[in-house]
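Listed here are the chains, written in short residue letters.
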Amino acid sequence: MAEGRTSREGSGAGTPAERGPDAGDRTLRALGLDGVPREEPLLYPGAWPRESGVLHGDRLLPPDRLTYEDRTPVLAIGSNASPGQLRHKMAEFGIESPLPMVRSRVTGLDVGVSAHVSRMGYVSASPVSAPGTVRELFLLWLDAEQLAVIDASEGVSMASGNFDRAWLPAPDVRVEPGDGTVLRGAYAYVNRHGVLRDGTGAPRRHPGAQRPLITDLLRGSARLRELFGTTPEEFCARARADRRLCERGTRLFAQEERVTASGLERYVGSGRTPDDALPPPTAPMP
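From a predicted model like this one, the values you see are computed outputs, not experimental measurements.

The next subject is the pairing of strand β1 (residues 53-56). Pairing between β1 and strand β4 (residues 99-113): 3 bridges, direction antiparallel. Along β4, the bridge assignment pairs Val 54 with Pro 100. In the sheet, β1 pairs with strand β2 (residues 59-61) via 3 bridges, with the strands oriented antiparallel. Within β2, the position partnered with Leu 55 by the bridge is Leu 60. Linking two consecutive strands that pair antiparallel, namely β1 and β2, is a turn of 2 residues; a positive phi of about 65° is found at Gly 57 within it.

Next up, the structure:
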């Protein structure tokens, strides 16, 4: 176990990093935001910042504004709100341009559990329709290169990918960056497999940490234990080592009738894209 892993593990979706920076030190390590769930799956979804910032290399700097009309707004539901994970994804493609991350008030969405086992070794978060629900989520303002990287990481262009990028328009989903504006909409990654359901049949809410989620999933299925072992550590290790095993786990969720719709499927393929003739509708709306 890497040093510091226990303290970071389960810092969770929407949970700010607990360690404060040294005076003037804005590096991710000093801010407690350097964990990478892709390398340590039990860290998923990684530590989220306390406030809005601009990810620039290994530093998270204060923003000079909260809306960027020349960029594409994408809601971060899981580890895309983790600066350590974002840095890892961008570094893989040599992308070093600044990436604004704006903590926003979002109405109409909640954070569910993806109905697939990730090859990264975790069970990821997925957005679900939740009219009237208010969450604090991060809004990523991505340039074209950054958007291509995130799309690739979610498998958008792959037939076997797990997510589609969908435009969620206001007022169905209300996004308020905190500068007094309401956006015309934002993109989010909708799971192609659906989401896991709770005991009532409604979408299950992601607990914001892998250990309790995986423990509960294993407890509820003998067949899942046969595939992935009896502990979260075994689950993560086996999933990372075997793509076909992940596919079997994903099919098992459906076979055991653990899956329901996210409620966002109707938006897939119906929204604008950054390649449209007119600029994407990212400008603030009163």
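The subject of this paragraph is the nonpolar core. Core analysis: the biggest nonpolar cluster contains 49 residues, and Leu 75, Leu 99, Met 101, Leu 109, Leu 168 and Val 175 have the highest contact counts within it. If you tally residues by element for this core, the top one is strand β5 (residues 125-142), at 7 residues. If sequence neighbours within four positions are ignored, Val 175 has contacts with Leu 75, Ser 104, Arg 105, Val 106, Leu 139, Thr 181, Val 182, Leu 183 and Ala 186.

Where helix α3 (residues 83-92) contacts helix α4 (residues 144-153), the two axes come as close as 10 Å, and the packing angle between them is 100°. Of the possible angle classes, the one that applies to α3 and α4 is roughly perpendicular. For the pair α3 and α4, contact is made by Leu 86, Lys 89 and Met 90 and by Gln 146, Val 149, Ile 150 and Ser 153, respectively. Here the contact of α3 with α4 is built from residues that sort into 4 nonpolar, 2 polar and 1 charged.

Turning to α3, its buried residues number three or more, namely Pro 83, Gly 84, Gln 85, Leu 86, Lys 89 and Met 90. Against the buried residues of α3 lie α2 (28-31), β1, β4, β5 and α4. Count one or two residues on from α3 and you reach Gly 94, which has phi positive near 70°.

It is possible for side chains bearing opposite charge to pair when their charged atoms get close. Counted by the stated rule, this structure contains 18 salt bridges. Here Arg 205 makes a salt bridge to Asp 110, at a shortest N to O gap of 3.1 Å. With Arg 205 in the loop between β10 (195-196) and α5 (210-219) and Asp 110 in strand β4, this residue pair connects regions lying 95 residues apart in the sequence. Here Arg 205 falls in the partly exposed class, since its relative accessible area comes to 49%. Its salt-bridge partner being Glu 176, residue Arg 174 comes within 3.4 Å of it at the nearest N-O pair. A residue is classified by how much of its surface remains accessible, and Arg 174, at 38% relative accessible area, is partly exposed.

Within the secondary structure layout, Ser 124 lies in the loop between β4 and β5. For Ser 124, a relative accessible area of 7% gives the class buried. Distance in space between the C-alpha atoms of Ser 124 and Gly 78 is 6.8 Å, their sequence separation being 46 residues. When sequence neighbours within four positions are dropped, the list of residues in contact with Ser 124 reads Tyr 44, Gly 112, Val 113, Ser 114, His 116, Phe 163 and His 206. A distance of 2.9 Å separates polar atoms of two side chains, one belonging to Ser 124 and the other to Ser 114.

A negative phi angle characterises most non-glycine residues, just as the trans form characterises most peptide bonds. A cis geometry characterises the amide bond from Tyr 44 onward to Pro 45, with omega recorded as 5°. With respect to the element layout, Pro 45 can be found in the loop between α2 and β1. The residue after Ala 170, namely Pro 171, is reached through a cis peptide bond having omega 10°. Here Pro 171 lies in the loop between β6 (163-169) and β7 (174-176). Residue Glu 257 is not a glycine yet carries a positive backbone phi of 55°. With respect to the secondary-structure elements, Glu 257 resides in the loop between α8 (243-255) and β11 (259-260).

On to the confidence of the model for the protein chain, then. Keep in mind that low pLDDT regions are not for reading the predicted coordinates in detail. Looking at the protein chain, the pLDDT average stands at 88 and 86% of residues meet or exceed 70. Low pLDDT, under 50, characterises residues 1-23; the stretch is placed with 50 contacts to residues that sit more than four places away or in other chains. Ignoring residues within four places in sequence, the model shows residues 273-286, a span with pLDDT below 50, making 32 contacts including any to other chains.

Here the focus is the side chain of Arg 135. Among the structural elements, Arg 135 can be located in strand β5. A relative accessible area of 15% places Arg 135 in the buried class. Of the polar contacts made by the side chain of Arg 135, one reaches the side chain of Asp 110; its length is 2.6 Å.

What counts, and where the lines are drawn
Residues numbered from 1 in each chain as written. Predicted model: local features only at pLDDT ≥ 70, side-chain atom pairs only at ≥ 80, totals over all residues. Heavy atoms only, no water. Pairing = 2+ DSSP bridges. Helix = DSSP H or I, 4+ residues; strand = E, 2+ residues; numbered from the N terminus. Core = buried A, V, L, I, M, F, W, Y, C linked by side-chain atoms within 4.5 Å. Buried < 20%, exposed > 50% of the residue type's maximum accessible area, 1.4 Å probe, protein only. Contact = heavy atoms within 4.5 Å. Axes fitted to C-alpha atoms, helices over the stretch in contact; angles between N-to-C directions. Parallel < 35°, antiparallel > 145°, perpendicular 65-115°, else oblique. Nonpolar A, V, L, I, M, F, W, Y, C, P; charged D, E, K, R; others polar. Salt bridge = Lys/Arg side-chain N within 4 Å of Asp/Glu carboxyl O. Polar contact = N/O pair within 3.5 Å; in protein donor to acceptor, adjacent residues only side chain to side chain. pLDDT = per-residue confidence, 0-100.

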